[in-house]
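Spelled out from the first residue to the last, the chains are:
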Amino acid sequence: MLPHPACYSEHIVSTMLDSVLGAIGATPLVALDRLAEGLPGRVVAKLEYYSPGASVKDRVALAVIAAAERSGELRPGGTVVELTSGNMGTGLAVVCAVKGYRMIAVMSAGNSLERRRMLEALGAQVELVPQASGSLPGQVSGEDLCLVEARTQALVAELGAYRPNQFHNPHAVTAHQETTGREIWEQSGGQVAAFVASVGTGGTFVGVARALKGRNPAVRCYAAEPAAVPFISGGPAAVSNTSHKIQGTGYAMIPPLWQPELVDGFLTVADGAAIDVARRLATREGIFGGFSGGANVAAAMELARTSAPGDLIATVICDSGLKYLSTDLFPE
Ligand SMILES: Cc1ncc(COP(=O)(O)O)c(C=O)c1O
């Protein structure tokens with residue numbers, strides 16, 4: 001079952017779409033044969049920036065709004081308020097623009113400027129929450145996220161708005177199970193041996209892992225964490241500084257949607273490695289992704305180094321490098 005069959009772009013190239021919502025999902029799966037040259041395993045990546053909001057979150061946004069319409073939680077002309085690092089808000093802004101809802105995105109001042117600008121361009125109102133005193137610009141910590149959560153709760157209560165609540169909404173998982181995971185399986189001809197993804201809400205990891213393991217229980221699924229915050233893997237309990245550059249991931253908490261039984265192992269990726277791989281993705285593969293895309297591919301290459309010859313390792317490029325032009329990811 002797809003989350004919203006009427007809008008889902010199964011045949012985007014051959015058909016005319018009723019709205020841009022039909023262009024969500026069905027992203028290309030691309031082999032990174034230049035970057036992973038010489039490694040025994042083969043790395044393939046889903047290019048999620050092909051979606052209208054240029055990120056993996058469009059799929060979730062479409063699914064949660066469709067579900068809220070079905071349940072009656074969201075009615076014509078209603079207001080949507082969501083806590084976001086930018087991408088979920090952008091996906092929601094795309095969906096709300098087409099469907100005519102008011103959208104308020106609550107985000108940390110630590111997220112990149114492009115994300116805020118894009119949200120506003122799509123007609124969303126941005127509620128920017130200042131960072132905690134010890135936090136660094138461009139690096140959203142667990143503490144920062146707590147502040148954003150408090151502001152989101154206050155706004156929802158004040159406006160009687162619908163809150164998708166992406167960290168708790170089961171559609172954050174099923175959207176990926178029914179689309180991203182199924183697509184990876186079908187596009188790889190059922191040949192995928194392993195999957196790896198960084199974790200924010202955990203929707204991508206849990207949904208894709210469910211889809212792949214449901215089709216072949218032997219598929220191994222790995223979660224990648226920022227090297228500074230190996231929290232879900234039970235790293236040093238006293239992670240005192242939870243700052244890192246891999247935006248949208250690594251919040252030093254176990255996501256409520258997490259399913260530990262789906263995890264075959266953990267990898268860590270340092271900021272520098274994520275940046276290095278993101279730059280090489282651009283120059284060697286022509287793939288212009290963000291920090292977490294670099295982290296995911298760095299982790300996938302690590303797996304490919306020790307995998308059996310020809311094993312297919314799948315991952316996702318979560319969003320576009322265009323969202324980080326004001327950061328040090330692609331410096332002048
Ligand atoms: C850039 C980026 N990468 C990775 C993720 C993590 O995805 P998930 O929330 O499905 O775990 C997010 C989530 O917002 C993101 O914005």
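Thresholds applied
Residues numbered from 1 in each chain as written. Predicted model: local features only at pLDDT ≥ 70, side-chain atom pairs only at ≥ 80, totals over all residues. Heavy atoms only, no water. Helix = DSSP H or I, 4+ residues; strand = E, 2+ residues; numbered from the N terminus. Rg over C-alpha atoms; globule rule 2.2 N^0.38 Å. Buried < 20%, exposed > 50% of the residue type's maximum accessible area, 1.4 Å probe, protein only. Contact = heavy atoms within 4.5 Å. Lys, Arg positive; Asp, Glu negative; His and termini not counted. Charge placed at Lys NZ, Arg CZ, Asp CG, Glu CD. Domains from an automatic or database assignment. Buried area = accessible area lost by both parts, 1.4 Å probe. Salt bridge = Lys/Arg side-chain N within 4 Å of Asp/Glu carboxyl O. Phe/Tyr/Trp six-rings, centres within 6.5 Å; stacked < 30°, edge-to-face > 60°. Pairing = 2+ DSSP bridges. Axes fitted to C-alpha atoms, helices over the stretch in contact; angles between N-to-C directions. Near = heavy atom within 4 Å. Polar contact = N/O pair within 3.5 Å; in protein donor to acceptor, adjacent residues only side chain to side chain. Areas by Shrake-Rupley, 256 points an atom, 1.4 Å probe, with all protein chains shown as cover. Core = buried A, V, L, I, M, F, W, Y, C linked by side-chain atoms within 4.5 Å.

## A few points about the overall build of the protein chain
Inference 1: The helix and strand inventory of the protein chain stands at eight helices and nine strands.
Inference 2: Computed over C-alpha atoms, the radius of gyration of the protein chain comes to 18 Å, within 12% of the 20 Å expected from 2.2 N^0.38 for 332 residues, which places it in the range of a compact globule.
Inference 3: Dimensions of the protein chain, computed from the C-alpha atoms along their principal axes, are close to 55 × 50 × 40 Å.
Inference 4: A buried classification covers 60% of the 332 residues belonging to the protein chain.
Inference 5: Within the protein chain, counting contacts between residues at least 6 apart in sequence, those at least 24 apart form 70% of the total.
Inference 6: Here the protein chain contributes 25 positive and 30 negative side-chain charges, whose respective centroids are spaced 2 Å apart.

## Let's talk about the domain arrangement of the protein chain
Inference 1: What the domain assignment reports for the protein chain is domain 1 (20–56 + 170–324) and domain 2 (57–159).
Inference 2: Computed from C-alpha coordinates alone, the two centres of domain 1 and domain 2 are separated by 23 Å.
Inference 3: Taken residue by residue, the interface counts 34 residues in domain 1 and 29 residues in domain 2.
Inference 4: Roughly 2600 Å² is buried in total at the junction of domain 1 and domain 2, and carbon and sulfur atoms are behind 56% of that figure.
Inference 5: The interface formed by domain 1 and domain 2 contains three salt bridges.
Inference 6: Between Arg 115 and Asp 319 there is a salt bridge, and its shortest N-O distance comes to 3.3 Å.

## Here we look at the environment of Gly 289
Inference 1: Here Gly 289 shows up in the loop between α7 (271–285) and α8 (291–306).
Inference 2: Contacts of Gly 289, omitting those with residues within four sequence positions, involve Ile 317, Asp 319, Ser 320, Gly 321, Leu 329 and Phe 330.

## Remarks on the packing of aromatic side chains
Inference 1: Enumeration according to the criterion identifies five aromatic pairs in this entry.
Inference 2: Taken together, a centroid distance of 5.9 Å and an interplanar angle of 65 degrees make the contact between Phe 167 and Tyr 251 edge-to-face. Here Tyr 251 lies in the loop between β7 (220–226) and β8 (265–269) and Phe 167 lies in the loop between α4 (142–159) and α5 (171–187), a separation of 84 residues in the sequence. Per residue, the accessibility class of Phe 167 equals that of Tyr 251, and both read buried.

## A short note on the sheet that holds strand β6 (residues 192–198)
Inference 1: Here six strands make up an open sheet; going across it, the order is β1-β2-β9-β6-β7-β8 and the pairing mixed. At either end of the open sheet lies a strand with only one pairing partner, and these are β1 (29–31) and β8. With direction set aside, neighbouring strand axes in the sheet form an average angle of 30 degrees.
Inference 2: Looking at chain direction, β6 and strand β9 (residues 312–317) are connected through three bridges and run parallel. The partner of Val 192 across the bridge, within β9, is Leu 312.
Inference 3: The strands touched by α5 within the sheet are β1, β2 (42–47), β6 and β9, with β2 carrying the most contacts at an inclination of about 135 degrees.
Inference 4: Here α8 sits on the sheet and contacts β2, β6, β7, β8 and β9; the angle it forms with β9, its principal contact strand, is near 170 degrees.

## Concerning the side chain of Ser 320
Inference 1: Along the chain, Ser 320 falls in the segment after β9.
Inference 2: Here Ser 320 is in contact with Tyr 49, Ala 54, Phe 288, Gly 289 and Gly 290, once residues within four sequence places are set aside.

## What about the site of the ligand?
Inference 1: Contacts to the ligand come from 17 residues, most closely from Lys 57, Gly 200, Thr 201, Thr 204 and Ser 292.
Inference 2: Note that an oxygen atom of the ligand is positioned 2.8 Å from one of the backbone N or O atoms of Gly 200.
Inference 3: In the model, an oxygen atom of the ligand is placed 2.6 Å from a nitrogen or oxygen of the Thr 204 side chain.
Inference 4: Coverage of the ligand by the protein chains reaches 98% of its 390 Å² of free accessible surface.
Inference 5: Mapping the shell around the ligand onto the domain boundaries places at least three of its residues in each of domain 1 (20–56 + 170–324) and domain 2 (57–159).

## A word on the side chain of Ser 198
Inference 1: On the secondary structure map, Ser 198 appears in strand β6.
Inference 2: Of the polar contacts made by the side chain of Ser 198, one reaches the side chain of Asn 296; its length is 2.7 Å.
Inference 3: Excluding residues within four positions of it along the chain, Ser 198 makes contact with Ala 224, Thr 249, Ser 292, Ala 295 and Asn 296.

## Some thoughts on the nonpolar core
Inference 1: Counting 51 residues, the largest nonpolar core has Ile 65, Val 80, Phe 195 and Phe 205 as the members making the most contacts within it.
Inference 2: Looking at this core, the elements that each hand over two or more residues are α1 (57–71), α2 (87–99), β4 (102–108), α5, β6, α6 (203–215), β7 and β9.
Inference 3: Take this core: its biggest share by element is seven residues, from α1.
Inference 4: Setting aside residues no more than four positions away along its own chain, Val 80 makes contact with Ile 65, Leu 74, Leu 92, Cys 96, Tyr 101, Arg 102, Met 103, Ile 104, Tyr 162 and Pro 164.
Inference 5: Within the second largest apolar cluster, 29 residues are counted, among which are Leu 47, Ala 54, Ala 274 and Val 297.

## Here's the deal with the sheet that holds β4
To summarise the sheet geometry, strands pair through backbone hydrogen bonds and adopt either a parallel or an antiparallel arrangement.
Inference 1: Read across the open sheet, the three strands follow the order β3-β4-β5; overall the sheet is parallel. What marks the edges here is a single partner per strand, and that holds for β3 (79–83) and β5 (125–129). Mean inter-strand twist for the sheet, computed between neighbouring axes without regard to direction, equals 15 degrees.
Inference 2: Of the pairings in the sheet, the one linking β3 to β4 comprises five bridges and is parallel in character. By the bridge assignment, Glu 82 is partnered in β4 with Ala 105.

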